[in-house]
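The lines below spell out each chain.
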Amino acid sequence: MKKIMYCAALFAALTFSSCSDDEVGGENSGNGNEEQENTAGSHLDLWVSVDGTSSKGTFVAHVGDPTNTDQTINVEGSGVDVTGKMTIGAIQKDGYYYFATEGNDGLAKYILTDKKMEKVGECPYGKNIFKKGGMTGAISATHEWIGDEVLLLSQYSTATKKHIWSKYDTKNMKIISEGEFNLHEKYDNTFKFSTSGHIRYRKNDGKLIFFTSIHHEDPNGKPNPMNGQPATKRAGLAVVVIDEKTMNIEKTMTDDRVAGLALESYGDTQQEKAYFDQNGDLYLICLKKGSNYRPGGPVPECVIIRTKAGESETDKGYLFEPEEDTDFLITRYLSPGKALVFAGDHKHYYNGNPSTGNSDNFINNSYYYAIFDSQNKTLTKLKMDGKDLPWSTGGFNNYIASIGETFYIGVNSLEQEDVHQAYVYSLDAKTEEVKKAFSVDARLDFKRMYSVKNTNK
């Protein structure tokens, strides 16, 4: 009943009221004046949801000054309602959001202010039509930016057995080029590939490095009850080098030290799997060989591999394998030789008994932040004042955003059924010092955080 009453009050506040400058979550709450906010260059957008038996919504809260440690973020009077329009599967770049829809609508471009959501451009699909993935309401495709204004989308179709790709000019919102390629010609006896895979653009030599899981048919498995498709098993990682200008495949390889990609359906809109370091080396999260999803939930065991700068093949001499039952959801370059990771602990996930996969033992507060030292191959949990940060929920949620050399990281703890308590901390990339930044209203479920450049809107 309390949740229902809150939802009703929230919608009323969004519709009819506005907050004064001193109210939490108001137009200028914690932001200072407009000139100070623009001088800062960027702000944070927090995506939150309100769930109840009578209403459900997704809202975006604008945090103009994340250094204001006294604020508690909510969406009363200032949250932008994006329900049914855009999801956490949106692609964000500079001051804009891009959302690729299913069907012929194509790619839409939006600006979110602290007051409203405004569509500022759209580009219908051409020959290639991208399909929605399901859980997030977004298309199930990988994406990469070629410079600041060219967006590449790619998706595999189990129906045609081909990968489609399209390049978009996001300044003028038009299609630059589109096409397809057939990896089945390069990999014999492969039943299918990942729906999205993962792609990275290497600016120094103009190459696209594309990673996707190889799936073989599993004669001992049960067919998919939803579509009757045969059961499959992962059989390694396909590594494909593509010339960005021509989109021609130049080289294909296989890394059979790993099972393939982990959580591979949505590119990196939810799980950011790769980063370039200061030397141009590319590090990638993969599924540990022999690991698969445990009963009761998709919680794979992960490893990290490397492709050295200028090389095509993965570095067969490099493999980081953490402690047993460790899952990596997100990784971001932090500083020379260091990366920030959002990881899961399966022992904690299943309340100390991960082998059973018993849903009665399941708890979702099993994710944590750590610093990965790529040279020494160590993983160190983040601490504040000598204590580990609280455990957090995970899944498709991405709570990492950076402004300059400050990383903002969110912890969203499920304290009891339908009651979340979220905090955002700051991490200094140089000193690795962690401080409390601000809180999020406990009545909201924290889903995603973006760093967004301020616009004149």
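Keep in mind the model is a prediction, meaning the values are calculated, not measured.

Core analysis: the biggest nonpolar cluster contains 39 residues, and L44, L46, Y369 and L382 have the highest contact counts within it. Setting aside chain neighbours within four positions, we find Y369 in contact with L340, V341, F342, T380, K381, L382, Y399, I400, I409, G410 and V411.

What follows concerns the pattern of salt bridges. Counted under the stated rule, the structure contains 20 salt bridges. Here K288 ties to E321 by a salt bridge, and the two come within 3.1 Å at their closest N and O atoms. With K288 in strand β20 (residues 282-288) and E321 in the loop between β22 (319-320) and β23 (326-335), this residue pair connects regions lying 33 residues apart in the sequence. Taking relative accessible area as the criterion, E321 reaches 44% and is therefore assigned partly exposed. Through salt bridges that share partners, K167, E244 and K245 make up one connected network.

Attention shifts here to the sheet that holds strand β9 (residues 142-146). Spatial strand order, β9-β10-β11-β12: 4 strands in an open sheet with antiparallel pairing. Each of the sheet's edge strands pairs with one partner strand only, and the pair in question is β9 and β12 (174-181). The average angle at which neighbouring strand axes cross in this sheet is 20°, direction not considered.

Taken together, 4 strands build an open sheet; the order of strands is β23-β24-β25-β26 and the sheet is antiparallel. What marks the edges here is a single partner per strand, and that holds for β23 and β26 (378-381). Across this sheet, the average inter-strand angle for adjacent strands is 30°, counted without regard to direction.

Let's shift gears to the side chain of D373. Structurally, D373 is set in strand β25 (residues 367-373). In terms of polar contacts, D373 uses its side chain to reach the backbone amide nitrogen of Q375, at 3.1 Å. Residues contacting D373, with those up to four places away along its chain left out, are G337, K338 and T378.

Turning our attention to the packing of aromatic side chains. Summed over all chains, the structure comprises 19 aromatic pairs. Ring geometry for Y156 against F193: centres 5.7 Å apart, planes inclined by 85°, an arrangement best described as edge-to-face. A residue pair is termed long-range when its members are at least 10 positions apart, and Y156 in strand β10 (residues 150-157) and F193 in strand β13 (residues 192-193) qualify at 37 residues. In this pair, the class of Y156 matches that of F193, namely buried. Relative to F372, the ring of F320 has its centre 4.8 Å away and its plane inclined at 35°; by these criteria the two rings are tilted. Taken as a pair, F320 in strand β22 and F372 in strand β25 lie far apart in primary sequence, 52 residues in all. Both residues of the pair, F320 and F372, count as buried. Each member of the aromatic cluster is reached from another via a ring pair, and the members are Y275, Y283, Y318, F320, F328, Y333 and F372. One Lys or Arg, K381, reaches over the ring of Y368 and ends 4.7 Å from the middle of that ring.

The rules behind each value
- Throughout this description, residue numbers start from 1 for each chain and increase along the sequence as written.
- Per-residue local features are limited, in this predicted model, to residues with pLDDT of at least 70; the limit for side-chain atom pairs, both in listing and counting, is 80 or more; totals at the level of whole chains, interfaces and linings are taken over all residues.
- Only hydrogens and water are set aside; all other atoms, that is, all heavy atoms of the structure, feed into the side-chain values.
- Take the buried Ala, Val, Leu, Ile, Met, Phe, Trp, Tyr and Cys residues and link them wherever side-chain atoms come within 4.5 Å; each set so joined is a nonpolar core.
- Summary of the burial criterion: residues with accessible area below 20% of their type's maximum are buried, those above 50% are exposed, and those between are partly exposed, where the area comes from a 1.4 Å probe applied to protein chains only.
- Throughout, a contact is declared for two residues whenever any of their heavy atoms are within 4.5 Å.
- Every case where a carboxyl oxygen of Asp or Glu lies within 4 Å of a side-chain nitrogen of Lys or Arg is listed as a salt bridge.
- Secondary structure elements follow DSSP: runs of H or I no shorter than four residues count as helices, runs of E no shorter than two count as strands, and numbering proceeds from the N terminus.
- The pairing criterion is simple: DSSP has to find at least two bridges between the two strands.
- Orientation is described by axes fitted as lines to C-alpha atoms, over the contacting stretch for helices, and by angles from 0 to 180 degrees between their N-to-C directions.
- Contacts described as polar in this section are N or O atom pairs within 3.5 Å, which, within protein, must combine one atom able to donate a hydrogen with one able to accept it, while residues neighboring in sequence count only if both atoms come from side chains.
- Only centres within 6.5 Å qualify two rings of Phe, Tyr or Trp (six-membered ring in Trp) as a pair; their planes then separate them into stacked at under 30 degrees, edge-to-face at over 60, and tilted for everything else.
- In our convention, an over-ring charge means Lys NZ or Arg CZ found within 6 Å of a ring centre and within 35 degrees of that ring's normal.

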